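Chain by chain, the residues:
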Amino acid sequence: MSVATSLLTACSGFLFAVLWMDLMFDTQVLADRRRNADLPEPVLSSIAGYYRRAVTGSRPMSRLIAVVMVVLLAALGFRAARGHDPGWLMAASALLAGAPVLLALTHTVPNAVRLGSRSGSPADQSALARSIWRDHLVCGACMLAFLVLWVTYSAGSCVV
């Protein structure tokens, strides 16, 4: 397995693990399945407290996630520039890695910062928590698919 492939699998595995941890808190939104209902205060408090600690309170360590995203995209770009991999693999990989990174940077992280600050009404905070949960489901599925794709591809290319 090449260094770039190792970086791709390590970075996507790390990001999937981070998303899994986030989803453990996010699933509390299922406590009340009524779409427009406010989440119970203990649920909002728990989720908001997690994001306050994970996104803003843990700086500079929280920046590690952004660094891993950049390394993942750089390793993918390196593989694409070499031109040795099939086009379908590069296209699928770009979509599976790029979409979650873009979603995280433009939507999920800003929402997590807002939720962590507990600004807005309980209805606003409930909407943010549900939005973050949906974002993390999408991102988690993409990262898992990316990881499985590269592990499978690498295993197939290593067979003699």
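Per chain, residues are indexed from 1 in the order of the written sequence. Only residues with pLDDT of 70 or above have their local features reported here, since the model is predicted, and side-chain atom pairs are shown and tallied only from 80 upward, although totals for entire chains, interfaces and linings are computed over all residues. Water and hydrogen atoms were dropped before computing side-chain values, which therefore reflect all heavy atoms in the structure.

**Q** So what exactly am I meant to see when it comes to helix α3 (residues 63-82) here?
**A** For an α-helix, 3.6 residues make a turn, and residues three or four places apart therefore share a direction. Here α3 contains 20 residues, and its C-alpha end-to-end distance of 29 Å stays within 8% of the 28 Å for a straight helix at 1.5 Å per residue. Each residue's exposure class comes from its accessible area (1.4 Å probe, protein chains only) as a fraction of the maximum for that residue type: buried when under 20%, exposed when over 50%, partly exposed otherwise. Note on conventions: DSSP H or I runs of at least 4 residues are helices, E runs of at least 2 residues are strands, and numbering of each starts at the N terminus. Among the residues making up α3, those that are buried are Val68, Met69, Leu72, Ala75, Leu76 and Arg79. Buried residues of α3 fall within an arc of 130 degrees about the axis and therefore sit on the same side. For α3, the exposed residues set more than 90 degrees away from the buried face come down to Arg63, Val70 and Ala81. In the stretch just after α3, Gly83 is the one whose phi turns positive, near 75 degrees. For a helix, the expected span equals 1.5 Å multiplied by the number of residues minus one. For this quantity, the arc is that covered by the directions from the helix axis to the C-beta atoms.

**Q** Looking at this structure, I do not really get the packing of aromatic side chains. What am I missing?
**A** The geometry of an aromatic ring pair is captured by two quantities: the separation of the ring centres and the angle between the planes. Any Phe, Tyr or Trp ring, taking Trp's six-membered ring, that has another such ring centre within 6.5 Å forms a pair; planes under 30 degrees apart are called stacked, those over 60 apart edge-to-face, and the others tilted. Here the structure, examined in full by the defined rule, presents 5 aromatic pairs. Taking the centre distance of 6.2 Å and the plane angle of 45 degrees together, the rings of Phe16 and Trp20 count as tilted. Of this pair, Phe16 and Trp20 both sit in helix α1 (residues 3-26), 4 residues apart, which is roughly one turn of that helix. Residues Phe146 and Trp150 carry aromatic rings whose centres are separated by 6.4 Å and whose planes lie at 40 degrees to one another, so their mutual orientation is tilted. Taken as a pair, Phe146 and Trp150 lie in helix α5 (residues 122-158) at a separation of 4 residues, close to a single helical turn. For the pair shown, Phe146 and Trp150 are each scored as buried. Every member of this aromatic cluster is reached through a ring pair, and the members are Phe25, Tyr50 and Tyr51.

**Q** Where do I start with a nonpolar patch on the surface in this structure?
**A** To count toward a patch, a residue needs a relative accessible area above 30% and no salt bridge. Like charges then connect within 9 Å, nonpolar side chains (Val, Leu, Ile, Met, Phe, Trp, Tyr) within 5 Å. For accessible areas, the Shrake-Rupley method is used with a probe of radius 1.4 Å. Any residue's cover is judged against the shown protein chains and nothing else. By salt bridge we mean one thing: a side-chain nitrogen of Lys or Arg within 4 Å of a carboxyl oxygen of Asp or Glu. Together, Phe14, Met61, Leu64 and Val67 line one region of the surface with nonpolar side chains, adding up to about 360 Å² of accessible area. In this fold, Met61 is placed in the loop between α2 (41-57) and α3. The exposure class of Met61 is exposed, given its relative accessible area of 58%.

**Q** Honestly, the environment of Leu115 in this entry has me stumped. Any pointers?
**A** For Leu115, the location among the structural elements is in helix α4 (residues 87-116). Separated by 13 residues in the primary sequence, Leu115 and Leu102 place their C-alpha atoms 19 Å from one another. Contact between two residues is taken to exist if any of their heavy atoms lie within 4.5 Å; hydrogens are not considered. Once you skip the residues sitting within four places of it in the chain, Leu115 turns out to touch Ile47, Ala48, Tyr51, Gln125, Leu128, Ala129 and Ile132.

**Q** Could you clarify how one ought to interpret the pattern of salt bridges in this entry?
**A** All told, the structure shown has 2 salt bridges when counted by the stated rule. Notably, a salt bridge pairs Asp85 with Arg79, separated by 2.6 Å at the nearest N-O pair. Neither Asp85 nor Arg79 differs from the other in exposure class; each is buried.

**Q** It is not clear to me how the packing of α1 against α2 should be interpreted in this structure. Could you clarify?
**A** Two measures define how a pair of helices packs: the angle their axes make with one another and the distance between the axes. Angles here are taken between N-to-C directions and fall from 0 to 180 degrees, while the axes themselves are lines fitted to C-alpha atoms, restricted in helices to the stretch in contact. At a minimum axis separation of 9 Å, α1 and α2 run at an interaxial angle of 155 degrees. With respect to their mutual orientation, α1 and α2 come out roughly antiparallel. For the pair formed by α1 and α2, the contact residues are Met21, Asp22, Phe25 and Asp26 on the first element and Ser46, Ile47, Tyr50 and Tyr51 on the second. Three classes are used, and their members are as follows: Ala, Val, Leu, Ile, Met, Phe, Trp, Tyr, Cys and Pro are nonpolar, Asp, Glu, Lys and Arg are charged, and the others, Gly among them, are polar. By residue class, the composition of the contact of α1 with α2 is 5 nonpolar, 1 polar and 2 charged. Working definition: roughly parallel below 35 degrees, roughly antiparallel above 145 degrees, roughly perpendicular at 65 to 115 degrees, and oblique for all remaining angles.

**Q** In this structure, what is going on with the packing of α1 against α3? I would like to understand it.
**A** Across the interface, α1 lies against α3 with an axial gap of 9 Å and an inter-helix angle of 145 degrees. With respect to the hand of their crossing, α1 and α3 are arranged in left-handed fashion. Residues Ala4, Thr5, Leu7, Leu8, Cys11, Ser12, Phe14, Leu15 and Val18 of α1 form the contact with α3, whose own contacting residues are Leu64, Ile65, Val68, Met69, Val71, Leu72, Ala75, Leu76, Phe78 and Arg79. Classifying every residue of the contact of α1 with α3 gives 16 nonpolar, 2 polar and 1 charged. We call a crossing left-handed when the near helix sits turned anticlockwise from the far one by less than a right angle, and right-handed when that turn is clockwise.

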